[in-house]
Amino acid sequence: MKIEEFESYYFATEPFKKIRDKHFPKIKEILDSNEFFNNQNLSEDEVDAKRFHMEEKLYKYISSCKRIRRDFYNAYGVITIDSLCELVMQSILADEVLKKDLHIDIYLDAQSVICTYEDCPMNIWHYYNQQHSLAEYSRVYSRWYDNFEDLSEDDIFGLEFEKEKNK
């Protein structure tokens, strides 16, 4: 994905813009945005471990407060914890690339902490091949790819289950 496309893909709707403005500065402090790049000397396993550790911190932030969970729920809908953290990490990296005017492919450049080494993530595949936005992907396809219907509540992040529990 070209840098010019990041803005329209990751931050096209108001809920995504709200998260970017309201939560990304704090998340970048927690995750130390300097850790997002310059990973080219790490092995694939080391990058995966680093990303996992960052996504754990991200999940703790998102789940720390119902108001914060609601902001993320309004943007991404109910998706699995892993998928949510992956999409938010992509969004944060896209924001960093835009703000710092970096010219790297966050999906394939070895210095990126979300580098996949082989191919772009499934949500980006949908963008390239079917022109589906991040909002469409997170609300429809992530549920399908994550076998949403077969998961326990513990594997799923969102407020729908809080409503279910309160019935």
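Only a predicted model underlies this, so the values are computations on that prediction, with no experimental measurement involved.

A. Focus on the pattern of salt bridges. This model, assessed by the stated rule, comprises 11 salt bridges. A salt bridge links lysine 28 to aspartate 95; the shortest N-O distance between them is 2.3 Å. With lysine 28 in helix H3 (residues 24-31) and aspartate 95 in helix H6 (residues 81-100), this pair connects stretches of sequence that are 67 residues apart. Lysine 28 sits in the buried class, given a relative accessible area of 12%. Under the relative-accessibility criterion, aspartate 95 is labelled buried at 0%. With its nearest N and O atoms 3.4 Å apart, the salt bridge here joins lysine 99 to aspartate 95.

B. Molecular detail of the nonpolar core. If you look at the biggest cluster of nonpolar residues, it comprises 43 residues, and the most contacted ones within it are Phe6, Tyr10, Phe72, Tyr76, Val88 and Ile106. Looking at this core, the elements with two or more residues in it are helix H1 (3-10), helix H2 (14-22), H3, helix H4 (44-62), helix H5 (66-76), H6, helix H7 (122-130) and helix H8 (134-145). Per element, the largest residue contribution to this core is 10 residues, and it comes from H6. Residues in contact with isoleucine 106, not counting those within four places in the same chain, are Phe6, Phe37, Gln90, Leu93, Ala94, Val97, Ser112, Ile114 and Cys115. Within the second largest apolar cluster, 5 residues are counted, among which are Tyr73, Val78, Phe148 and Ile156.

C. Region of interest: the packing of aromatic side chains. Inspection of every chain in the model, using the stated rule, returns 9 aromatic pairs. On the basis of an interplanar angle of 50° and a centroid distance of 6.3 Å, the ring pair of tyrosine 10 and phenylalanine 11 is categorised as tilted. Residues phenylalanine 72 and tyrosine 76 carry aromatic rings whose centres are separated by 6.4 Å and whose planes lie at 10° to one another, so their mutual orientation is stacked. Highlighted residues: phenylalanine 72 and tyrosine 76, both in helix H5, separated by 4 residues, approximately one helical turn. Accessibility assignment for this pair places phenylalanine 72 and tyrosine 76 in one class, buried. Among the aromatic residues, those joined into a ring-pair cluster are Phe6, Tyr9, Tyr10, Phe11, Phe24, Tyr127 and Tyr128.

Thresholds, definitions, all that
Residues numbered from 1 in each chain as written. Predicted model: local features only at pLDDT ≥ 70, side-chain atom pairs only at ≥ 80, totals over all residues. Heavy atoms only, no water. Salt bridge = Lys/Arg side-chain N within 4 Å of Asp/Glu carboxyl O. Helix = DSSP H or I, 4+ residues; strand = E, 2+ residues; numbered from the N terminus. Buried < 20%, exposed > 50% of the residue type's maximum accessible area, 1.4 Å probe, protein only. Core = buried A, V, L, I, M, F, W, Y, C linked by side-chain atoms within 4.5 Å. Contact = heavy atoms within 4.5 Å. Phe/Tyr/Trp six-rings, centres within 6.5 Å; stacked < 30°, edge-to-face > 60°.

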